[in-house]
Structure formats: structure tokens, C-alpha cells
Amino acid sequence: MDENKKIVYPYMPNSVESIKKEMMDALGIKNMEELYSYIPEELRMKGKLNLPKPLLSEIELKEHVEGILSKNISCNEYLSFLGAGCYRHYVPAVCDEINSRSEFLTAYCGGTYTDHGKCQAIFEFTSLMGELVDMDVVALATYDGSQAASTSLRMTNRITNRNKLLVPKTMNPEILAHIRNYCDFMTITQVDYDPKTGQMDLEDLRRKISDDVAAVFIENPSYLGFIEENGREIGEIAHEHGALFVVYADPSSLGILEAPANYGADITCGDIQCLGMHMGYGSGLSGYIASKNEPQFIMNFPNHFYSLYENEKGEFGFSRSLNQRTSYGSREKAVEYLGTNTGLWAITAAVYLSLMGPQGMYDLGKNIISKAKYAVEVLSSIKGVKVLFEDSTNFKEFILNFDETNKSVEEINKELLRKGIFGGKDLSREFKELGNSALYCVTELTKKEDIDRLAKELSDILS
Amino acid sequence: MGKIKLRNFHQARWDEPIIFELSTPGQRGILLPEIDDEIVDRVGDAEEIIPKKVKRNKKPQLPELSQPQVLRHFLRLSQETLGQDINIDIGLGTCTMKYSPKIHEQFVRNPKFSELHPLQDEETTQGILEIMYKTAELLKEISGMDAFVFQAGGGAQAVFSNASILKAYHTDRGEGDKRTEIITTAFSHPVNAAAPHTKGFKVITLMPDEETGYPSIEALKSVVSDRTAGLFITNPEDTGIFNVHIKEMVDIVHEAGGLCIGDIADANGLFGIVRAKEMGYDMCHYNLHKAFSSPHGSMGPCCGAQGVKKFLEKYLPVPVVAFDGEKYYLDYDRPHSIGKVRMFYGVVAAVLRAYSWIVSLGADGLKEVSELSILNNNYLMKRLLTEVRGISAPYSKERFRMEQVRYSWEKLKEETGVGTEDVERRCMDYGLQEFYQSHPPYLVPEPFTPEPNETFSKDEIDEYAEIMKKVSQEAYENPELVKTAPHNGPISLIPQPPITDPEDLIVTWRVYKKKKGID
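What counts and what doesn't
Residues numbered from 1 in each chain as written. Chains lettered and ligands numbered in written order. Predicted model: local features only at pLDDT ≥ 70, side-chain atom pairs only at ≥ 80, totals over all residues. Helix = DSSP H or I, 4+ residues; strand = E, 2+ residues; numbered from the N terminus. Rg over C-alpha atoms; globule rule 2.2 N^0.38 Å. Buried ≥ 20, exposed ≤ 12 C-beta atoms within 10 Å, placed from the backbone. Domains from an automatic or database assignment. Contact = placed C-beta atoms within 7 Å. Nonpolar A, V, L, I, M, F, W, Y, C, P; charged D, E, K, R; others polar. Core = buried A, V, L, I, M, F, W, Y, C linked by C-beta atoms within 7 Å. Pairing = 2+ DSSP bridges. Axes fitted to C-alpha atoms, helices over the stretch in contact; angles between N-to-C directions. Parallel < 35°, antiparallel > 145°, perpendicular 65-115°, else oblique.

Things to note about the overall build of chain B
At step 1: The helix and strand inventory of chain B stands at 17 helices and 11 strands.
At step 2: Relative to a compact globule of 519 residues, whose C-alpha radius of gyration would be 24 Å, chain B shows 26 Å and is just as compact.
At step 3: Principal-axis analysis of the C-alpha atoms gives chain B an extent of 80 × 65 × 50 Å.
At step 4: Across the 519 residues of chain B, 60% fall into the buried class.

A word on the domain arrangement of chain A
Accessible area lost when the parts come together is the quantity often used to give the size of an interface.
All names here are of chain A.
At step 1: When cut into domains, chain A gives domain 1 (79–89 + 357–462) and domain 2 (93–353).
At step 2: Using only C-alpha atoms to locate each centre, domain 1 and domain 2 end up separated by 27 Å.
At step 3: Taken together, the contacts link 24 residues of domain 1 with 24 residues of domain 2.
At step 4: Secondary structure elements with two or more residues in the side of domain 1 that touches domain 2: α12 (343–380) and β12 (397–401).
At step 5: Among the elements that take part in the side of domain 1 that touches domain 2, α12 stands out by supplying seven residues, more than any other.
At step 6: Broken down by class, the residue content of the side of domain 1 that touches domain 2 amounts to 12 nonpolar, six polar and six charged.

Quick look at the interface of chain A and chain B
At step 1: Across the boundary between the two partners, chain A contributes 180 residues, which contact 171 residues of chain B.
At step 2: No other element matches α12(A), which puts 25 residues into the side of chain A that touches chain B.
At step 3: Its residues assigned to classes, the side of chain A that touches chain B comprises 87 nonpolar, 57 polar and 36 charged.

A short note on the nonpolar core
At step 1: In terms of nonpolar packing, the biggest core is built from 321 residues, with V216(A) and V351(B) touching the most fellow members.
At step 2: The leading source of residues in this core is helix α12 (residues 348–387) of chain B, at 21 residues.
At step 3: When sequence neighbours within four positions are dropped, the list of residues in contact with V216(A) reads L166(A), I209(A), I234(A), A238(A), A243(A) and F245(A).

Here we look at the sheet that holds strand β15 (residues 437–441) of chain A
Residue and element names in this part refer to chain A.
At step 1: Here we have four strands laid out as an open sheet, ordered β11-β12-β15-β14, and antiparallel in their pairing. With one partner strand each, in any of the chains shown, β11 (386–387) and β14 (425–426) form the two edges of the open sheet.
At step 2: Judged from the two bridges that link them, β14 and β15 form a sheet pairing that is antiparallel. Bridge pairing in β15 links D426 to A438.

A look at the packing of helix α5 (residues 116–133) of chain A against helix α3 (residues 67–79) of chain B
At step 1: Two numbers describe how α5(A) lies on α3(B): the axes approach to 6 Å, and their chain directions differ by 135°. Here α5(A) is positioned oblique relative to α3(B), judged by the angle of their axes. In contact with G117(A), Q120(A) and A121(A) of α5(A), α3(B) contributes F74(B), L77(B), S78(B) and Q79(B).
At step 2: Classifying every residue of the contact of α5(A) with α3(B) by side-chain character gives three nonpolar, four polar and no charged.

Things to note about the sheet that holds strand β4 (residues 228–234) of chain B
Residue and element names in this part refer to chain B.
At step 1: An order of β1-β7-β6-β5-β4-β2-β3 is seen for the seven strands of this open sheet, with the pairing classed as mixed. In this open sheet, the two edge strands, each paired with only one partner strand, are β1 (147–152) and β3 (202–206). On average, adjacent strands in this sheet sit at an angle of 20° to one another, irrespective of strand direction.
At step 2: Lying over the sheet, helix α7 (residues 155–172) contacts β1, β4, β5 (259–264), β6 (283–287) and β7 (304–308), oriented at roughly 25° with respect to β7.

Set out below in C-alpha cells:
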């Protein structure tokens, strides 16, 4: 290539020399450097950035990037039993169609008039989630489930003016790590569980709770897959001590499982990736927070609210409201910081819930819980394989324990990989007391034959 | 292009009902496969599997619609949204509304990416780990910093992550209890105050010098002490003015034992011109959804790329993508890490797009991005300040600006009664997205902050300038026309005082129905 040849960049219309010159003439400058020559010399870049030679054409770029991506093997190619916070659910084509629309994909923070449609879609997201969790107040989606949990718990600190938290020992370690950093001024105590069922040990909860606890937090279904059945009792114990009850609930379970609000939750939170988002190596995560319709809850949300209003013509409009709570409204006086989150995923979840409707969510729940039970039964019959917490019911995930085999989870997963299967997440480091265990996941995309195939391969590997 | 012809724009106006109003009992939008008979034979009816104590008593009151009706509803809503792709989105300054190349969308929707689970064996994710590793390498060169991670789901979360590292650093040095204050400036992004405050720091905000627009050295010296943990600063600030004393300020904070955290959310004027390293920053962040072209997605998902110097690397959130010379891997063995700020590894889709963008431009292309952004901005400024009545740009009047300018319609307001909100709404009738007024505090009266980045053509910038000229002229000749705008929007102007009482909040349809007494 001729080094002196000026490049016209397709994304930069004014890179054409004659246009550039026309604009420079308008400013009375001879070269571009004059525009920023007031920046002190010692701050200015000497020479050029040391970057690879550019792939100027779209053809070269496409070849290059797709070449790198081709080194990946996806869950479309291998059979996956991975979950643990990110799930392979079916993504309806209409979800992709809507979130590919230029208007939604490339809009940003426009308001009531210019982005009326976006504002309505966000209002519909919060409304649909409100029905799913049976609560009146839902905010625009936050970064992910772990941020939703962390913010929910800080809300309880502000509402109760207390700073102790009780969380289950069975909880997702990634979320716990996030909470430990985000709520670092709060004392976190883990509540024990029944080794047979995984259910929260209510005696231990009673021992640990006191009148200075801000919140009792549970996951339902648990990170470890079992359905927590004592939500009502846990909520009552929390409330007896003036603590709030926060439940982290998987939206894909709520067609069949009771909304936490109906067994006492004051705040419900979780992740909506399961509602129409591809996994994208974790890119599809997005959090939700819902609460009771009480001022002390509302005013402690740090997230955007899109409130509906109506004129005399019966037209609806939507406006970002109660902005004084947010850092866009009042900088450090805000309840927490706020930034750009996951609007496109909120809109996608609205599409998903509109497609599914009440019957779809019910069918989804039934489908998953049936397959989980089938998988538990089939896999636990393999010699040496045990299912932990067998006295509980599993929703989407369950623990396989391999203590009675002579292989570690790591070894088993390597062998499964060679057969084109992603085995469950290795729990042996996070939950030492569970021994040589892995967390397996099934969804509506898992077929009976897939479970049978896993059973056969595991039998072969372990025999 | 010759003379600019202003558009007689009309936004789509569908009077689209709320989705719940479209519900017809019994309709279905999508079906799932029946549960396999053999599964039912083995485990029984799902109804019997659900534990009775937590079985849902009443189905969620979601709407019931067929698929074409769902699609049509959301397509109509999309038409009532002015995305960057369809308008001259110069108005939303501080946001860098640049063109997001469509080829990148093919990459992120490729199943080789979209169907990757974050916990897959690394043997099967070498491609995406390579992209993450190499993007970090590219950002290291672009910034001069020593390490990057992408875990933060946006710029604000990256500032919080930097504040977390700041706290860990001082705590490790035994000064955690003493260094409790951070310093920021009034024209730095609000999150530079809010995120450290969320982490427990007391915030001191420096006000701008009336002449230059940035704080004086004396102002900084008067607040720096042995309580100073760090300086959180955006440069160029929201005014588009580059603070030429930045290095001196950083040195003062360093001498006092504090660290300096640069907010480079908007890097568009800096590529190949000024780096974080030379400004003396210890930490910084880039918003990959701004200067690095990832689309804004109706407010996310996005990514705050967090960069630090070597001595702070050990604190970065886990995991960090590493390379052993043969393979890429996720390094969790980092005992000093602050832990997690988001699950897994962040919005990797934004990293994939940023990688694609950087390698398609190279060093010359990146510098071209910044030079054209600065050229476009100053060209627009010249046109607005010389041709548009009622507009001004306070501070540093003798200098060119970087990538954006905070203007004021104060004079227009005084002379016509038409303020910045009115102008903003009127712009829509000419096919423009609204403009960004200002972050708080509103130091510039009747503010207006456009950012004509490198992806807008001269013709588009001229059209933008002509629209401002026209609206200003209308304000002087027929102020009511501007005050009652938009006239061609998706809904009528509904004068509405901002909601400040939680009792007035309606964020769900069920609350609306309760207030209206509808079943």
C-alpha cells in the first residue's frame, strides 16, 4: 500500500480531504494540530500508537473476527448442562427481531417525546414484571442479578437503619462476593441448611436473627437447585424481628411457583437473562428489583422509574420520575450511584413475557420441573452417583455427587467434553462440604434423549 | 450537497395501547413442546411435583396475545423511538452517539458467540478469551495503563470498581480509616461523586473558575490533605474544555498520598493525542458503548473497561483473562482482588464490538476519529456562535474545544421566554433526537450539550446548525410555536410537572388500574 495515500474511512464522512479542508478553512486553521495545540506538550502523545495494521475493508475484518470466533465451541454444538447463573433457554425469534431494530438498538437516553415508544416498552417491562412477581413497584432493569441483590440489600439498610444481613450458606458465591464488596459496611452472616434437603435451617435462623438485622435474604429456587419451601416461615421470623425479607427469584419459575410477595417478601429481585436473552458468554444478564408500593421503598431505589401519565385526550406519556433519588438528579446525595444499565434487555424481556403469557410461563415451569425430576431419577440410578438434597424438589438445577466414584468432577467433565458434553459446574472448591459435586442444569431446551445420553456417557465414564 | 432543506418531519404516531389493553383471553404468542410422554410416565404430572407450600396460587396476570400482534405492537413502539441510526443524533452530547457498525451485530449474533456459556471449559472458549485478552492489550496501548478488565456493566460500575480498588489500596497501607475523602470537579460526570460516595467516601466538589471553566490549582490545594484518598476527574470535562493543569493537579494529589482516577467515558477527542498515562492517572475507565462504538441499546447493556497501573493490578475484580504463551485462561487466583462487581466477565458483546472497531481503524484511524470529532465540534461551535441568536458558550472563549461544548440558551430565554427545554422539544419537529442539557449541577443556565462526533457528515452538521438557527428565529418571531412543541411528535405536548412525590408514581399497569378503580 502506498504509505502516503490518504484513507477515506467508511464510518467517517469528513475524512475526505477536500471536506476536511473546507471545514479547516472555516475555522482559519492550516492543520488539524492547531485544534489542540494548547494542550501542554508533555501531555501529548509522541509519535503514533503502536497498534496492529488496520483491517480496513469489511471483508478482511469479517474474515479476521469470524476466524477467531470459530475457535469457540458453543452450546449449539455440544450438549450443555451448565447453569449456575446463566441459562440456555429458548429465545423466541420475535425477541431477536425486536432487539435488532435499529430504533431500539441505537437509542439511548431520549425522553418523553423523542423516545415515546422506548419509554412505553420500558413501562411495559416493569408492568409485566410486576404481574410476574405480584408487586406494584418495579424499576428499570439493572446490570445483573447480583447487582439487583446487592442494591436490594443496601435498600434494606436505608429503610431499617440496621446493618446486619442474614444470607443462606447455599447461596451463589459470585453474588455473595458482589454483596461483600457492595455492602462492605454491613455484617453478613450465613445461615445453615439441612444437609438432607438444603432447606434453610430455621433453628439456626432463629439463633442468628436479632433486632439489629436489616434483612433476611434467600434465593428461590436456590443456587443449588432446590426449591426453598419455608419461605413463609423465614419471612415471618424476619418480620418478627423488624427485619425485611428479600427473595432472589428466578423469573422462569414463577409460572408455577408462588410469587415471593405472597409468602412475605418485601423486596423481590433476580436476573432476567432467562426471559429472552442469549447467553453471550454472560452478556445477556440483567437484573430486576421489585418492591411494595410504599414511599420508604420507592424512595430508596437508585434506578430509573418511568412513570405513566395521561392527558385529557386520553393519551399516555411516560417520564423519568423521582430523579432526586438518583445520581443523575443529585450526584453524591443520591441513594446510590446510577449509570447506563440494560435497557435493551428490559425491552426484550417485555417481548418475551408478552409472547409467553400466563399459560406460556406455566408451561415453561412445568416443562423444566418435570425434566429436572426425570434427570434426577435417571442420573441418580447410575452406580456411584448420588443426588444431594434428595428430599427437596429441584426446579432447574440439581447437584450430582461423585464421592463414591474414583474420579473427580474435573476428570469427569474432561471425559464428558471429549464426548461433546459440557458437564455441570464443579462445586468442589466453592462448597467443600458437598464433596466431589457438580451443579447440573436442564431447561425446556434439554430433551429426554439428552438426559439419557448424559446418563449413558456418565455410566461409561464411571464404570 | 448544496443548500440545506429543513425537514418537515412527522414522527410515527400510533396511539398504541398499553400491551395489557390488547389482551384477548386464550390467545398464545408461542408454544413449547409437550413434555415427552416417557418423562410423564416416569415422573408423573408436573402439578404433583410442585411442592404444595410454594405452588403458585393464581397465575400471573400477563396479557394474552397472538404472535403477530405482539410483533406489531413492539414494532410500532420501535417506530416511536428515535434511534441514532435514523436521526442526526448530535444532540445527546456526553454520550458519543456514534455509528455502530452493522458488521459488529453479525459478530455478536453469531452462535459461536451468542451461544457460549460463561462456565464452559476454556478449551472451548479460546476464541472469545483471545478477543478479551487482545482488547485489553489494545486498550493498554491506547491509554498507557498496565492492565484492563471488562467486568463492569457500564461506566458508572467501572467508577465504582475503581473506588473499591482505591479503598482496598489505602486499607492495605493502613490508611483506610484516615483517607476518607475524595475530590472531584463540578463538571466531572456525576458518578465521579456518586460512586465513591456509595463506597463510603466523603465527597468534595471543586467549582470551576469563571474564566477557564475548570478549578484553579489553589482551589485544589485548599482541600487536599492527609484525608484525601483520591481525585476522580473527567478531562476534558463536560464543557468539552481540556483542563491544561491536569498533570499539576494529579501531582498535588499524589504528593498528598492520594491516587488519581480518570473518567474517560468519553474518549472521543483523545485517541492518539493524549493518554491516561501522561495525565498521570493511576486508574481510568472507558465506556465501550461510547467512543468504542458499541450501540447504546436504549440504555445498555454496555461495558466499562477498567484500566489500572501495575501497582493496583492485584486488586482488579476476578477473574482476569491471562495468556500462558499457548492458551488463554481465566485467572481466579488473585488473593488481593476486590472480588466481584458483576457476575462472570461482564458484557463481553461490547468487548467483541470494541475489538472489531479498533482493529478496523488502527493507529491512524483512531487519531482520525479524534481529530475529526474535534474538527466537527469546533466547526459546529463556530456556526452556532456566529449565526444563531440567543446562544453562548461560557468559559475559555479563546480556545478550541475538544469533542463537545456546553452552550447556554440563557440569552434566548431572557429575550423571548423560550428556554432550553422548549428548544429541545421543537427540534423534534425537524427530525432530531432531543439534546442533552447538562448533568447536575446546572452551572450553565439553560444548558445544551451537543457532540458532533466523527460519524456525522459536514452536511448533517450544517443541517443541525440550520435547525438551531431556525428554532432560534422562531423563538424571536413566534415563541408560542416553540413553547408548544413538539407539534409532530408521537404524543401531544402534555405539560407535566416532574413527579417528586412517591404517591404519584405509576410504574406498573396494575397501579394505574388501582388508581383508576379498574379491575
